[in-house]
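# Survey of secondary and tertiary structure
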Amino acid sequence: MRKRGQSKGIFCIEGLWDPDLRVGSTVRPVLELLRLHEGVEYIHREYATREELEFYVSTWTQKRYQAYPILYLASHGEKGGIELGGEFYPMHDLAELLPSKCSNRVIMFSSCTTLKLPEEELRRLLARTGALLVCGYRVDVDWMRSTAFELLLFSRMQKNEFSGRGVGAIAREAKELASSFPDLDFRMVTMKDAA
């Protein structure tokens, strides 16, 4: 187990999975397992509106949250963005919130088909935000399998430096892990790919 403060923390912003508020689906137990087993600190917030999402995304970039370099956006998705109630929130709107604010940070879209885009669009997102990498899925995914994959992915990310030098190792680890989950059609684009 890592000592407190040594982990790369996760800043999770989770959308509503079901309009019926009695349905309690959440990724929070995954975050708690990472905290208990590996000492990975996290912040978890839920959003239901565009304003809430944008508030939390903007908050993530503040200096006081630099110990949480992984932005974990957990929600329903569609090609090029995420769902926000009945509204589509495009990835380029997210990029506009984060101009050059994501150095040595990671953006993980835990949402169906969000990354089913030409690589050029993902490179633009990286260039605009300055993120180390962006990752997610190109297909509709099974919630349990994708959540299990993300648990393992976040665990492996803890082993590598979040820098230009460490991004290659992160990508290799992710590719190896994704080979055990081919049905998820996981995709990762790094700053080296965008160069």
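Treat the numbers as computed from the prediction; the structure is a model and nothing was measured.

## Comments concerning the sheet that holds strand β7 (residues 106-110)
As summarised here, the arrangement of the six strands in space is β2-β1-β3-β7-β8-β9, forming an open sheet in which the pairing is mixed. Two strands in the sheet have a free side with no partner beyond their single neighbour: β2 (42-46) and β9 (186-190). Ignoring strand direction, the axes of neighbouring strands in this sheet form an average angle of 15°. Looking at chain direction, β7 and strand β8 (residues 133-137) are connected through three bridges and run parallel.

## Focus: the sheet that holds strand β5 (residues 81-84)
In spatial order, the strands read β4-β5-β6; together these three strands make up an open sheet with antiparallel pairing. In this open sheet, the two strands that pair with only one neighbour each are β4 (77-78) and β6 (87-90). The pairing of β4 with β5 spans two bridges and is antiparallel. Looking across to β5, one finds that G77 is bridged to I82. Across the sheet, helix α2 (residues 50-60) touches β5 and β6, and the angle it forms with β6 is around 25°.

## Things to note about the nonpolar core
Counting 33 residues, the largest nonpolar core has I10, F149, M157 and F186 as its most contacted members. Only β1 (10-14), α1 (28-38), β3 (70-74), β7, β8, α5 (143-157), α6 (167-178) and β9 provide two or more residues apiece to this core. Residue contributions to this core peak at five residues, all from α6. Here F186 is in contact with M108, C135, G136, Y137, R138, F149, L153, A174 and A178, once residues within four sequence places are set aside. In this structure, I13, Y65, L117 and L122 belong to the second largest nonpolar core, which totals 30 residues.

## Concerning the packing of aromatic side chains
If you walk through the whole model with that rule in mind, you get seven aromatic pairs. With a centroid separation of 4.7 Å and an interplanar angle of 80°, the aromatic rings of Y72 and F154 are classed as edge-to-face. Within this pair, whereas Y72 is found in strand β3, its partner F154 is found in helix α5, the two being separated by 82 residues in sequence. Each member of the pair, Y72 together with F154, is buried. Taken together, Y137, F149, F181 and F186 form an aromatic cluster joined through their ring pairs. Here the guanidinium or amino end of R105 rests over the ring plane of W60, the centre of that ring lying 4.7 Å away.

## Thoughts on the side chain of R187
For R187, the location among the structural elements is in strand β9. For the buried R187, which has no salt bridge, the nearest side chain bearing the opposite charge is E119, at an N-O separation of 4.1 Å. From its side chain, R187 meets the backbone oxygen of L115 in a polar contact 2.6 Å long. In this view, R187 contacts L115, L117, P118, E119, L122, V134, C135, G136 and R138; residues no more than four positions away in its chain are not counted.

## As for α1
Those residues of α1 lying buried are V30, L31, L34 and E38. Each buried residue of α1 lies within a common arc of 100° when the element is viewed along its axis, so the set occupies one face. Looking at α1, the residues exposed on the side facing more than 90 degrees away from the buried face are P29 and L36. The elements touched by buried residues of α1 are β1, β2, β3 and α5.

Definitions and limits used
- Residues numbered from 1 in each chain as written.
- Predicted model: local features only at pLDDT ≥ 70, side-chain atom pairs only at ≥ 80, totals over all residues.
- Heavy atoms only, no water.
- Pairing = 2+ DSSP bridges.
- Helix = DSSP H or I, 4+ residues; strand = E, 2+ residues; numbered from the N terminus.
- Axes fitted to C-alpha atoms, helices over the stretch in contact; angles between N-to-C directions.
- Contact = heavy atoms within 4.5 Å.
- Core = buried A, V, L, I, M, F, W, Y, C linked by side-chain atoms within 4.5 Å.
- Buried < 20%, exposed > 50% of the residue type's maximum accessible area, 1.4 Å probe, protein only.
- Phe/Tyr/Trp six-rings, centres within 6.5 Å; stacked < 30°, edge-to-face > 60°.
- Lys NZ or Arg CZ within 6 Å of the ring centre and 35° of its normal.
- Lys, Arg positive; Asp, Glu negative; His and termini not counted.
- Salt bridge = Lys/Arg side-chain N within 4 Å of Asp/Glu carboxyl O.
- Polar contact = N/O pair within 3.5 Å; in protein donor to acceptor, adjacent residues only side chain to side chain.
- Arc of directions from axis to C-beta.

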